[in-house]
Amino acid sequence: MKRLCHALAPLVLMAASPALALGADDTAELYQTHCASCHGEARLGGIGPALLPGNLSRLKPDAAVDVIANSRPASQMPAFGETLDEGDIEALARWLYRPPETEPRWGEAEIGESHRVFHPDGSLPDTPLFDADPLNLFIVVETGDHHASLLDGDSFERIHRFETRYALHGGPKYTPDGRYVFFGSRDGWITKYDLYNLEVVAEVRAGINMRNIAVSADGRYVMAANYLPHSLALFDAHNLDLMKVYPVENAAGESSRVSAVYAAPPRGSFIAALKDIKEVWEIPWPLPTEPVVSTGHMKTPLAPSRDPSRESFKVRRIAVPDYLDDFFFDPGYEHVIGASRGGQGGMVVNLDSGEKVADLPLEGMPHLGSGITWKQGGRRVMALPHLSRAEVSIIDMESWERIKTLETDGPGFFMRSHENSPYAWVDVFFGPNRDRVHVIDKQSLEIVETLTPEPGKTAAHVEFDRDGKKLLLSIWEDDGAVIVYDGDSLEELRRIPMSKPSGKYNVWNKTRYEEGTSH
Ligand code: DHE
């Protein structure tokens, strides 16, 4: 049979073709021979990522054939185009999208077995190995070759670059002193990294298909939200010891994927929204009785003021009128602002009473997770892009009315600003104009500038430094870069080459829950 060339024939999954004549058993055997040693006998992952349909939802079948045949750039995976023929490769790719015969388990035992501690918390020196403001560092996640870079937020020099787990997703989360950062991967790995010593402290796999992680405002606890299994998993942040697994189900025993979990510092709790059950869950962490344990010089800047009788780590279920796929909070964490992906709009729910207080007229997949807020005149507004509409919506957070719809050059993904910046930035992630970014004047609510940092290359995701004076923007390509801009003059100051830099995360902005940045 002909060897598979680089220009692969499209994989038509359902078509009968001699190339697909292999039976499922033969293909399963092929998998065990060629793939299982890295991706796990049950496809749950190993040194390579998990290969279950849920984990592959973002990889098109044609692309899977290409990866099997030609490998991925900067990965250790062999190119099987040299050893397997076209039919075998197509059959293997097709087989990977089949659900497993038995639902994989990932409970306490599996989580416990995955746990590794490399440098127990407190065992490494307390002084950073480098000379930079530890509260003005940036982590840049480079998804092109699964690395992260640590940047000095004043000089923008790269302090260190290190390998991460495969396919990190969502923002890394810091302890409040900024010393430790926690990364979450789509495959469920949580990595705790010591930024002062540039070493991994501990790792654990919380699930098979994880959404994101949240760290309590006192830096003591980490909560992981999973799609598979349907669970939340709670860890002691010191060394990532498992504390508790919460099966996510309602009173009728119906289970649900978790859309995401966030820390709500003024409430002293984690808030999780669910995808398949009309509930939001609130899980309080214990109120502080002593300074944060995480080594460092600062107590938690955001002490919670909740009812002290509320039991720690116990789920409070808040019934909501719809599923919440995507959500956001007001700065006081009194309300959750959420939307279901299939829905015609959003809604605002009071987190104390559980009452819906407003409907939001937001069609076109509002990306609430990317929302930001600021003061416009005397009122607080929130702004968000839409994933399937070329617009940014601006909403008055008191009346919950949309006060402005800004037409953009395409649907956007991420929005960013900083309290000290007059501008909000939004990308045009989808469509032909994805090399553009818009700059919005936060007072006039008008787009005042549209930049094209590198024609033909995707420009996306901004993060400011701690003072809000300079910012980083990604050229989101394998041979990409991070561009440093002056936040007032919008002048480009510098370019730092990076491999598909996705998110950038400034320690100060994240640990202070700066209004212009993400959770
Ligand atoms: Fe994300 C954050 C959900 C696709 C890059 N994304 C998040 C968060 C959620 C989410 C819930 C907040 C987690 C956090 O920070 O704690 N993302 C989803 C989806 O539902 C969606 C649309 C489909 C999916 O594949 O799950 C999706 N996301 C993507 C991508 O395709 C992106 C562009 C590329 C990638 O790496 O997967 C992507 N998502 C990001 C990034 C963040 C993120 C860079 C962190 C943004 C931030 O500034 O905090």
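Just so it is clear, the model here is predicted, and its values are computed rather than measured.

Structural notes on the side chain of Ser421
Mapped onto the secondary structure, Ser421 falls in the loop between strand E25 (415-416) and strand E26 (423-427). We classify Ser421 as buried; its relative accessible area is 4%. Reaching out from Ser421, the side chain makes a polar contact with the backbone nitrogen of Tyr423 at a distance of 3.1 Å.

A look at the sheet that holds strand E12 (residues 241-247)
One open sheet accounts for four strands, arranged E9-E10-E11-E12; its pairing is antiparallel. Two strands in the sheet have a free side with no partner beyond their single neighbour: strand E9 (209-215) and E12. In this sheet, neighbouring strand axes are inclined to one another by 20° on average, regardless of whether the strands run parallel or antiparallel. In this sheet, strand E11 (residues 231-236) lies alongside strand E10 (residues 221-228) in antiparallel orientation, the contact comprising five bridges. What sits directly across from Met223, in E11, is Leu234.

What about the sheet that holds E25?
As summarised here, the arrangement of the four strands in space is E25-E26-E27-E28, forming an open sheet in which the pairing is antiparallel. The sheet is open, and its two edges are formed by E25 and strand E28 (446-451), each paired on a single side. Sheet topology note: the E26/strand E27 (residues 437-441) ladder contains five bridges and is antiparallel. Counterpart to Tyr423 in the pairing with E27 is Asp441.

Overview of the pattern of salt bridges
In the structure shown here, the tally under the stated rule is 31 salt bridges. Salt-bridge contacts for Lys275 lead to Asp325; the nearest nitrogen and oxygen are separated by 3.0 Å. Taken as a pair, Lys275 in the loop between strand E14 (269-274) and strand E15 (279-284) and Asp325 in the loop between strand E16 (316-319) and strand E17 (326-329) lie far apart in primary sequence, 50 residues in all. The buried category is assigned to Asp325, whose relative accessible area is 13%. Linked by salt bridges that have partners in common, Arg267, Glu282, Arg310, Arg316 and Asp352 make up one network.

Let's talk about the packing of aromatic side chains
Throughout the structure, instances matching the rule amount to 18 aromatic pairs. An angle of 5° between the planes, with centres 4.0 Å apart, marks the rings of Phe162 and Tyr193 as stacked. Placement of the pair is Phe162 in strand E4 (residues 158-163) and Tyr193 in strand E7 (residues 189-194), with a sequence separation of 31 residues. In terms of burial, Phe162 and Tyr193 fall into one category: buried. Considering the side-chain rings of Tyr262 and Phe327, the 5.0 Å spacing of their centres and the 65° angle between planes classify their relative orientation as edge-to-face. One end of the pair, Tyr262, is in strand E13 (residues 258-264); the other, Phe327, is in strand E17, with 65 residues separating them in the sequence. You can call Tyr262 buried: its relative accessible area is 15%. Taken together, the ring pairs in this structure connect Phe413, Phe414, Phe429, Phe430 and Trp476 into an aromatic cluster.

Describing the coordination of the iron atom of the ligand
A lone protein donor binds the iron atom of the ligand: His169 (NE2), at 2.1 Å. Looking at the element boundaries, His169 is found in the loop between E4 and strand E5 (173-174).

A closer look at the domain arrangement of the chain
Assigned domains of the chain: these are domain 1 (24-97), domain 2 (107-247), domain 3 (248-360) and domain 4 (368-504). One C-alpha centre belongs to domain 2, the other to domain 4; they are set 26 Å apart. On the side of domain 4, 19 residues touch domain 2, which itself brings 19 residues to the contact. Regarding the contact of domain 2 and domain 4, the summed buried area is about 1400 Å², with carbon and sulfur atoms giving 57% of it. Of all residues in domain 2, the largest losses of buried area upon contact with domain 4 belong to Phe138, Val140 and Phe156, amounting jointly to 36% of the total for that side. Joining domain 2 to domain 4, the criterion identifies two salt bridges. For the pair domain 2 and domain 4, the interface holds 11 residue pairs in polar contact (both at pLDDT 80 or more). Those elements giving two or more residues to the side of domain 2 that touches domain 4 turn out to be strand E2 (137-142), strand E3 (147-152) and E4. Per-element tally for the side of domain 2 that touches domain 4: the top contributor is E2, with five residues. Class assignment of the residues belonging to the side of domain 2 that touches domain 4 gives a composition of seven nonpolar, six polar and six charged.

So, the side chain of Asn239
Residue position: Asn239 is located in the loop between E11 and E12. Look at Asn239 and you get buried, because its relative accessible area is 17%. Asn239 has contacts with His115, Val117, Pro120, Asp121, Val201 and Ala202, leaving out every residue within four places of it along the chain.

A look at the nonpolar core
Within the largest apolar cluster, 22 residues are counted, with the highest numbers of intra-cluster contacts made by Phe182, Ile190, Val222, Ala224, Phe235 and Leu240. Going through the elements one at a time, strand E6 (180-184), strand E8 (199-205), E9, E10 and E11 are the ones with two or more residues in this core.

Definitions and cut-offs
Residues numbered from 1 in each chain as written. Predicted model: local features only at pLDDT ≥ 70, side-chain atom pairs only at ≥ 80, totals over all residues. Heavy atoms only, no water. Helix = DSSP H or I, 4+ residues; strand = E, 2+ residues; numbered from the N terminus. Buried < 20%, exposed > 50% of the residue type's maximum accessible area, 1.4 Å probe, protein only. Polar contact = N/O pair within 3.5 Å; in protein donor to acceptor, adjacent residues only side chain to side chain. Pairing = 2+ DSSP bridges. Axes fitted to C-alpha atoms, helices over the stretch in contact; angles between N-to-C directions. Salt bridge = Lys/Arg side-chain N within 4 Å of Asp/Glu carboxyl O. Phe/Tyr/Trp six-rings, centres within 6.5 Å; stacked < 30°, edge-to-face > 60°. Donors = N, O, S within 2.8 Å, 3.2 Å for Na, K, Ca; no water. Domains from an automatic or database assignment. Contact = heavy atoms within 4.5 Å. Buried area = accessible area lost by both parts, 1.4 Å probe. Nonpolar A, V, L, I, M, F, W, Y, C, P; charged D, E, K, R; others polar. Core = buried A, V, L, I, M, F, W, Y, C linked by side-chain atoms within 4.5 Å.

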